[in-house]
Amino acid sequence: MSEDVFGIDLGTTYSAIAHMDEYGRPQIIQNRDGQNTTPSVVYFESASNFVVGQEAKNGARVYPDETVSLIKREMGEKNERIFFDQPFYPETISSLILKQLVTEAQEATGSTSSKVVITVPAYFGLGEKESTRQAGQIAGLDVVGILAEPVAAALSVGITSAQDKCYFVYDLGGGTFDCTVLRVTQNAFEVVATDGNRKLGGADWDEALFDLVLSKFVQESGIDDDPAADPEFYQGLMNDVETAKKTLSKKEKARLRCSYEGVQAVIFVTKEEFEAATRHLLNETLDIVQRTLDAATSKVPGLNIDEVLLVGGSSRMPQVAEGLSSRFPWPLRNTEFDLAVAQGAAIYGSGVQPAVSDGDGGEGSAAPADDLPMLGSGQEIVLDGRQVTFTNVLSKSVGVRFFNKKTKEHYIGFLAHAQDKLPVHTTMTAFTIEDHQTSVELQLYEQSGEAESQEVEHNKRITPEGVDPRITGLPDLPEGSPIELTLSITNEGLASLHAVEPTSGHELTLEASLSTMQPEELEQARGIVSRMDISI
Ligand code: ADP
Ligand code: MG
């Protein structure tokens with residue numbers, strides 16, 4: 001019997017944790033509040049105490065300076081916050097969410113395991129994945145896998161690689177909308193295309209409903225100032241609106257009580273009114289579905305979607321299934337919505353083979369598996385007695401900074417493009433700018449915006465710090481002498497650039513830098529988090 005591995009969906013707005021029960025089925029583990037999901041909101045109560053979940057979410061407007069929401073959007077970015085004189089990075093804040101989830105799960109199950117699989121969106125780039133892994137390490141956890149959310153969702157409904165099918169994963173969460181075309185073939189799960197809107201989710205439906213309720217309240221009660229400017233009123237109504245929205249997923253009508261400066265009213269909203277007020281949001285998701293489908297079909301001509309998997313808490317709204325059916329001919333399959341991803345992560349965790357022990361999880365950031373003689377380069381696990389591989393596409397384009405002699409400007413030339421199938425291995429020839437050039441400088445960049453752009457500032461430099469990114473000591477060469485470049489990106493998204501000057505054989509290899517945190521910062525964060533307790 002292998003050790004318990006917790007599967008964690010570290011969500012933008014809500015997180016969930018699951019494990020395999022004694023019958024080998026994935027089970028969501030409820031939190032201390034008896035809920036299946038926990039708001040991904042952290043409240044810093046004191047230097048040594050923090051609160052994660054509904055209580056922190058309820059206070060977000062009232063204690064805006066001590067509360068952090070939506071931290072997932074900052075993963076991979078170096079954003080420092082100070083609470084009680086101590087520095088917190090996105091990794092540290094996420095680690096507090098993980099710490100609370102695992103602590104509560106250990107209490108509930110009696111397991112002392114600290115092994116976890118954490119899920120990430122399919123579009124997460126190299127840095128964001130590494131940040132997620134580090135969040136686990138800071139929390140003192142043993143991260144045995146990082147898994148793409150749509151793949152986890154597919155695993156949760158028993159999709160195995162014994163079949164040959166194509167799925168469209170529609171994941172509408174609280175703060176993000178993700179679309180993925182997933183091909184499941186003999187022994188492999190392959191992400192064919194991924195797209196979405198990182199700023200669209202249930203919160204937008206909440207806001208639309210908030211505006212609707214507020215205008216009814218103002219109209220019915222004749223208030224002449226703006227109640228929404230009052231943080232207490234705003235927070236109270238926002239919470240009620242989210243509850244009402246969930247009611248409207250089941251019932252035709254929801255009832256809300258509004259109270260402002262002694263004026264009270266009961267407001268009714270019908271499902272029809274709610275759907276009319278949010279139709280533009282739904283349509284936006286449907287347009288993105290079309291766009292993702294187009295991208296997938298251009299890569300795999302003749303691709304046919306066998307089924308849509310409905311994932312994410314907001315896909316519980318009946319308008320989602322109705323909207324999809326009205327525009328696309330595909331059969332729809334419900335998953336457990338906001339629970340599916342954590343369940344799939346637990347299933348995946350049960351198939352991860354124990355790595356050859358490298359001691360008790362020291363703080364080294366290198367994954368132990370990297371040292372093993374691996375076949376292929378995939379994340380291979382065993383499910384139902386079968387060896388299964390997971391392949392992904394590149395989420396962001398990767399390139400090198402070049403110089404345009406005509407415009408006298410730097411630009412990014414891409415060697416690999418978003419949606420390219422991993423692993424990537426591409427070559428190109430670049431040329432020296434002038435005669436007698438003794439060195440060439442190589443700077444690696446990753447696309448930072450939604451779309452690929454040659455403008456340097458639309459990209460993020462991923463050249464490692466602390467190394468000289470130049471080939472020096474070149475022989476005397478004329479202008480326009482070739483430098484051969486090879487970019488390799490592994491299945492895990494680790495990028496390296498190899499450059500060689502062919503006549504001399506002078507060469508250079510650059511590994512993309514993944515971590516935004518320095519080793520000392522990681523160590524410090526581990527210390528801070530280990531000293532912090534969950535408030536009860
Ligand atoms: P994420 O992974 O983006 O954090 P989830 O998949 O957990 O998000 O979904 C959270 C969103 O789902 C929230 O906006 C929440 O209000 C919404 N939600 C949860 N249950 C329901 C429901 N029954 N009807 C409508 N929306 C729901
Ligand atoms: Mg999610």
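Every value quoted in this text rests on a predicted model; they were computed, and no experiment measured them.

Novice: Tell me what's going on with the overall build of the chain, and back it up with residues and numbers.
Specialist: The number of helices and strands found in the chain is ten helices and 31 strands. Its C-alpha atoms give the chain a radius of gyration of 25 Å, within 12% of the compact-globule value 24 Å for 536 residues. Across its three principal axes, the chain shows a C-alpha extent of roughly 85 × 55 × 55 Å. When burial is assessed residue by residue, the chain has 53% of its 536 residues classed as buried. Counting only contacts in the chain whose residues sit at least 6 apart along the sequence, the fraction spanning at least 24 positions is 69%. Accessible area of the chain: about 23,900 Å², with a carbon and sulfur share of 48%. Averaging the coordinates of the 43 positive side-chain charges in the chain and doing the same for the 81 negative ones gives two points 5 Å apart.

Novice: Requested: an account of the packing of aromatic side chains, with residues and values cited.
Specialist: According to the stated counting rule, one finds 14 aromatic pairs in the structure shown. Their ring planes at 65° and their centres at 4.8 Å tell us that Tyr 170 and Phe 177 sit as a pair that is edge-to-face. Classification of Tyr 170 by relative accessible area gives buried; the value is 0%. Taking 5.6 Å as the distance between ring centres and 75° as the angle between the ring planes, the aromatic pair formed by Phe 233 and Tyr 260 counts as edge-to-face. Here Phe 233, found in helix H6 (residues 231-248), pairs with Tyr 260, found in strand S15 (residues 253-260); they are 27 residues apart in sequence, far enough to count as distant. An identical accessibility class is assigned to Phe 233 and Tyr 260; each is buried. Through successive ring pairs, a cluster of aromatic residues spans Phe 44, Phe 83 and Phe 88. Residue placement shows Lys 253 over the ring face of Phe 268; its charged tip is 5.3 Å from the ring centre.

Novice: Describe the packing of helix H3 (residues 126-138) against helix H10 (residues 519-530), and please don't skip the residues or the numbers.
Specialist: In contact at an axis separation of 9 Å, H3 and H10 are set at 45° when each is read in the N-to-C sense. It follows that H3 is oblique to H10 by the angle criterion. Of the residues in H10, those touching H3 at Gln 134, Gln 137 and Ile 138 are Leu 522, Ala 525, Arg 526 and Val 529. Grouping the constituent residues of the contact of H3 with H10 by class yields four nonpolar, two polar and one charged.

Novice: Account for the confidence of the model for the chain, naming residues and giving values.
Specialist: Put simply, the chain has an average pLDDT of 91, and 94% of its residues get 70 or more. When the criterion is pLDDT under 50, residues 356-378 qualifies, and its contacts beyond four places in sequence or with other chains add up to 14 contacts.

Novice: Which residues make up the site of ligand 1, and what values do they have?
Specialist: As a structural note, the neighbourhood of ligand 1 is formed by 19 residues, with Thr 13, Tyr 14, Glu 242, Lys 245 and Ser 249 the closest of them. Contact between ligand 1 and Gly 174: an oxygen atom at 2.9 Å from a main-chain N or O atom of the residue. Within the side chain of Ser 249, an N or O atom sits 2.6 Å from a nitrogen atom of ligand 1. Relative to its free-state accessible area of 580 Å², ligand 1 is covered by the protein chains to the extent of 91%. Examining the composition of the shell around ligand 1, we find that three residues originate from one element, H6, more than from any other. Considering only residue class, the shell around ligand 1 consists of two nonpolar, twelve polar and five charged.

Novice: Got a sec to walk through the sheet that holds strand S25 (residues 444-447)? Specific residues and values, please.
Specialist: What the four strands build is an open sheet, ordered S22-S21-S25-S26; its pairing is antiparallel. Of all strands in the sheet, those with a lone pairing partner are strand S22 (409-416) and strand S26 (459-461), marking the two edges. Geometrically, the sheet is characterised by an average inter-axis angle of 45° between neighbouring strands, direction not taken into account. Pairing analysis gives seven bridges linking strand S21 (residues 398-404) to S22, with the strands arranged antiparallel.

Novice: Give a detailed account of the packing of helix H5 (residues 202-221) against H6, specifying residues and quantitative values.
Specialist: One can describe the packing of H5 onto H6 by two numbers: an axis separation of 9 Å at closest approach and a directional angle of 110°. When the interaxial angle is binned, H5 and H6 end up roughly perpendicular. Regarding H5 and H6, the two cross each other, and that crossing is right-handed. Two secondary-structure elements touch here, H5 through Gly 202, Trp 205, Asp 206, Glu 207, Leu 209, Phe 210, Val 213, Leu 214 and Phe 217 and H6 through Phe 233, Tyr 234, Leu 237, Met 238, Val 241, Glu 242, Ala 244 and Lys 245. Along the lines of polarity and charge, the residues of the contact of H5 with H6 split into twelve nonpolar, one polar and four charged.

Novice: Which residues make up the sheet that holds strand S7 (residues 67-68), and what are the values?
Specialist: Reading across the sheet, the four strands line up as S7-S5-S6-S31 and stay open at both edges, with mixed pairing between neighbours. With one partner strand each, in any of the chains shown, S7 and strand S31 (533-534) form the two edges of the open sheet. The pairing of strand S6 (residues 49-52) with S31 spans two bridges and is parallel. Following the sheet pairing, Asn 49 is matched in S31 by Asp 533.

Novice: Report on the side chain of Asn 31, specifying residues and quantitative values.
Specialist: For Asn 31, the position within the fold is in the loop between strand S3 (26-28) and strand S4 (38-39). Residue Asn 31 is classed as buried on the basis of its relative accessible area of 13%. A polar contact of 2.8 Å, which involves the side chain of Asn 31, links it to the backbone nitrogen of Gln 35. Side chain to side chain, Asn 31 and Thr 38 meet in a polar contact 2.9 Å long. Look past the residues within four positions of Asn 31 in its chain and what remains in contact with it is Thr 37, Thr 38 and Glu 104.

Novice: So what about helix H4 (residues 149-156)? Which residues, and what values?
Specialist: With eight of its eight residues buried, H4 lies for the most part within the structure. Within the span of H4, buried status applies to Glu 149, Pro 150, Val 151, Ala 152, Ala 153, Ala 154, Leu 155 and Ser 156.

Novice: Go over the pairing of strand S2 (residues 14-20), please, and point to the residues and values.
Specialist: Within S2, six of the seven residues are buried, leaving the element largely enclosed by the surrounding structure. Here three bridges tie strand S1 (residues 6-9) to S2, and the two strands are oriented antiparallel to one another. Note on S2: the bridge partner recorded for Asp 9 is Ala 16. Taking the residues between adjacent antiparallel strands as the criterion, S1 and S2 are bridged by four residues. By the bridge criterion, two bridges tie S2 to S4 in an arrangement that is antiparallel. Paired with Tyr 14 across the two strands is Pro 39, which belongs to S4.

The rules behind each value
- Residues numbered from 1 in each chain as written.
- Chains lettered and ligands numbered in written order.
- Predicted model: local features only at pLDDT ≥ 70, side-chain atom pairs only at ≥ 80, totals over all residues.
- Heavy atoms only, no water.
- Helix = DSSP H or I, 4+ residues; strand = E, 2+ residues; numbered from the N terminus.
- Rg over C-alpha atoms; globule rule 2.2 N^0.38 Å.
- Buried < 20%, exposed > 50% of the residue type's maximum accessible area, 1.4 Å probe, protein only.
- Contact = heavy atoms within 4.5 Å.
- Areas by Shrake-Rupley, 256 points an atom, 1.4 Å probe, with all protein chains shown as cover.
- Lys, Arg positive; Asp, Glu negative; His and termini not counted.
- Charge placed at Lys NZ, Arg CZ, Asp CG, Glu CD.
- Phe/Tyr/Trp six-rings, centres within 6.5 Å; stacked < 30°, edge-to-face > 60°.
- Lys NZ or Arg CZ within 6 Å of the ring centre and 35° of its normal.
- Axes fitted to C-alpha atoms, helices over the stretch in contact; angles between N-to-C directions.
- Parallel < 35°, antiparallel > 145°, perpendicular 65-115°, else oblique.
- Nonpolar A, V, L, I, M, F, W, Y, C, P; charged D, E, K, R; others polar.
- pLDDT = per-residue confidence, 0-100.
- Near = heavy atom within 4 Å.
- Polar contact = N/O pair within 3.5 Å; in protein donor to acceptor, adjacent residues only side chain to side chain.
- Pairing = 2+ DSSP bridges.
- Left-handed = near helix turned anticlockwise from the far one by under 90°.

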